[in-house]
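Below are the chains, spelled out letter by letter.
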Amino acid sequence: MRVLRRSTVLVLAMAVAGADGAAAQARETAPLLLELPANTRAAGLGNAYVQAGADADALFYNPGLLDTARGLGGSIAFYGRATLFTVAAAGEWWRGGAAVGVQALSYSAPTVTTGAFLDGEAGLSTQGGAVASETVASAGYARVLFGFRAGIVAKLAEQRVQDERDVTVAADVGLARRIGRVTLGLAVQNVGRQPEFDGRDVDLPRTISLGAGTQSAVVGPFDVTLAARLAVAEEEQLTASAGVEVAYWPVNGRTFIVRAGFRHMEDDGARPLTLGAGFTGDRIALDWAVQDFARGEAVHRVGVRWR
């Protein structure tokens, strides 16, 4: 009997330890929305935003690029049944540029320690009874100061997980400068109050990123643009991205585009290759991007931009 009791106690202790271990492995940052690609063109380039040709979605990458950002854009990404919507608009204001935007993500998982709650972007295709939604509203402004393009973005983030709700505020700051044919950008993102949920300790995904992008160069009948991004999260997670865009214009004002990128994130289950395509006609641009994950899911994103 003593052996039986000891065995029972040991089994229960292992079960509790396993449950605690699973809980401990849940993501330590939120909202997940702030870590996902926010631009279809960038998604096709490994999530390396094109620094030299900023549009309204610069709001989500580097506030310092907003001084020249113009136009309106929107996109949708499908992670199985999970969806990510993005819309942003930018224009000239007060000797610089201003932009506003909204991002919205909805997803679910079997529990709050599985699926996207555990694996982040790689787990978004998992479905279950634990439902979550995230919405982030952003507003930013940039202008040239002392030879640098400097900007700031304020964010209001709402998260709903099951019956819990949290609203927090955060800010981004960024600098950009053109050196020859290359534009460099430095951004510090998601600095603010950490979200608060019962029984869960999570932080904002604070990130420091350095981006670089070339102006398009004529190579035979093509225009070629390069982009790269290196980002370090607060928990020392490193993300490296790079991509190339090749454009061909058989008729003036009608441009066909192909993109390929490399995106590496530690332990996220994503395959490194990304692909994209686009078409620009007059002031309208249509974009598409795709990335595979190790579990076999392909994430498709489509977007439209107007300038």
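Residues numbered from 1 in each chain as written. Predicted model: local features only at pLDDT ≥ 70, side-chain atom pairs only at ≥ 80, totals over all residues. Heavy atoms only, no water.

As for the nonpolar core
- Of all hydrophobic cores here, the largest spans 28 residues; its most connected members are L36, Y79, L84, L105, Y107, F117 and L124.
- Of all the elements in the fold, those that place two or more residues in this core are β1 (71-79), β2 (82-93), β3 (96-109), α3 (116-119), β4 (130-145) and β5 (148-161).
- In this structure Y79 touches L36, P37, L84, E121, L124, S125, V299 and R301, once residues within four positions along its chain are discounted. (Core = buried A, V, L, I, M, F, W, Y, C linked by side-chain atoms within 4.5 Å. Buried < 20%, exposed > 50% of the residue type's maximum accessible area, 1.4 Å probe, protein only. Helix = DSSP H or I, 4+ residues; strand = E, 2+ residues; numbered from the N terminus. Contact = heavy atoms within 4.5 Å.)

Thoughts on the pairing of strand β14 (residues 254-265)
- On β14, burial follows the alternation: T255, I257, R259, G261, R263 and M265 on one face are buried, whereas R254, F256, V258, A260, F262 and H264 on the facing-out side are not.
- Across 11 bridges, strand β13 (residues 238-251) lies against β14 in antiparallel orientation. Of the residues in β14, the one forming a bridge with A240 is H264.
- Note that β14 and strand β15 (residues 270-281) share nine bridges and pair antiparallel. Within the sheet, the bridge partner assigned to R254 lies in β15 and is G281. (Pairing = 2+ DSSP bridges.)

A short note on the pattern of salt bridges
- Summed over all chains, the structure comprises 14 salt bridges.
- In this structure, the salt-bridge partner of R165 is E158, at a minimum N-O distance of 2.7 Å.
- A salt bridge links D166 to R193, with the nearest nitrogen and oxygen atoms 3.3 Å apart. Note that D166 is positioned in strand β6 (residues 164-179) and R193 in the loop between β7 (182-192) and β8 (196-197), a separation of 27 residues in sequence.
- Relative accessible area serves as the criterion here: at 6%, D166 is assigned to the buried category.
- In the salt-bridge network here, residues are joined through shared partners; they are R41, D55, E245, R259, D287 and R305. (Salt bridge = Lys/Arg side-chain N within 4 Å of Asp/Glu carboxyl O.)

Section: the environment of R305
- Locating R305 in the fold gives a position in strand β17 (residues 298-306).
- For R305, a relative accessible area of 17% translates into the label buried.
- In this structure the C-alpha to C-alpha distance between R305 and G71, which are 234 residues apart in sequence, comes to 7.3 Å.
- Here D287 takes part through its side chain, which lies 2.8 Å from a polar atom of the side chain of R305. (Polar contact = N/O pair within 3.5 Å; in protein donor to acceptor, adjacent residues only side chain to side chain.)

Regarding empty space enclosed by the protein
- In this structure the tally under the stated criterion is six cavities of 30 Å³ or more.
- By volume, the largest cavity amounts to about 390 Å³.
- L34, E35, L36, T207 and R229 are the residues nearest the centre of the largest cavity, which is lined by 25 residues in total.
- Looking at the lining of the largest cavity, the elements with two or more residues in it are β7, β12 (222-233), β13 and β14.
- Split by residue class, the lining of the largest cavity holds 12 nonpolar, eight polar and five charged. (1 Å grid on protein atoms, 1.4 Å probe; cavity = no way out; pocket = protein on both sides within 12 Å on 5 of 7 lines; lining within 4 Å. Points joined across faces, edges and corners; volume = space filled by probe spheres on them. Nonpolar A, V, L, I, M, F, W, Y, C, P; charged D, E, K, R; others polar.)

Overview of the side chain of T207
- Looking at where T207 falls in the secondary structure, it is placed in strand β10 (residues 207-214).
- Polar contacts involving the side chain of T207 include one to the main-chain carbonyl oxygen of P205, which spans 3.0 Å.
- Filtering out sequence-adjacent residues up to four positions away, T207 remains in contact with A187, V188, Q189, A231, V232 and A233.

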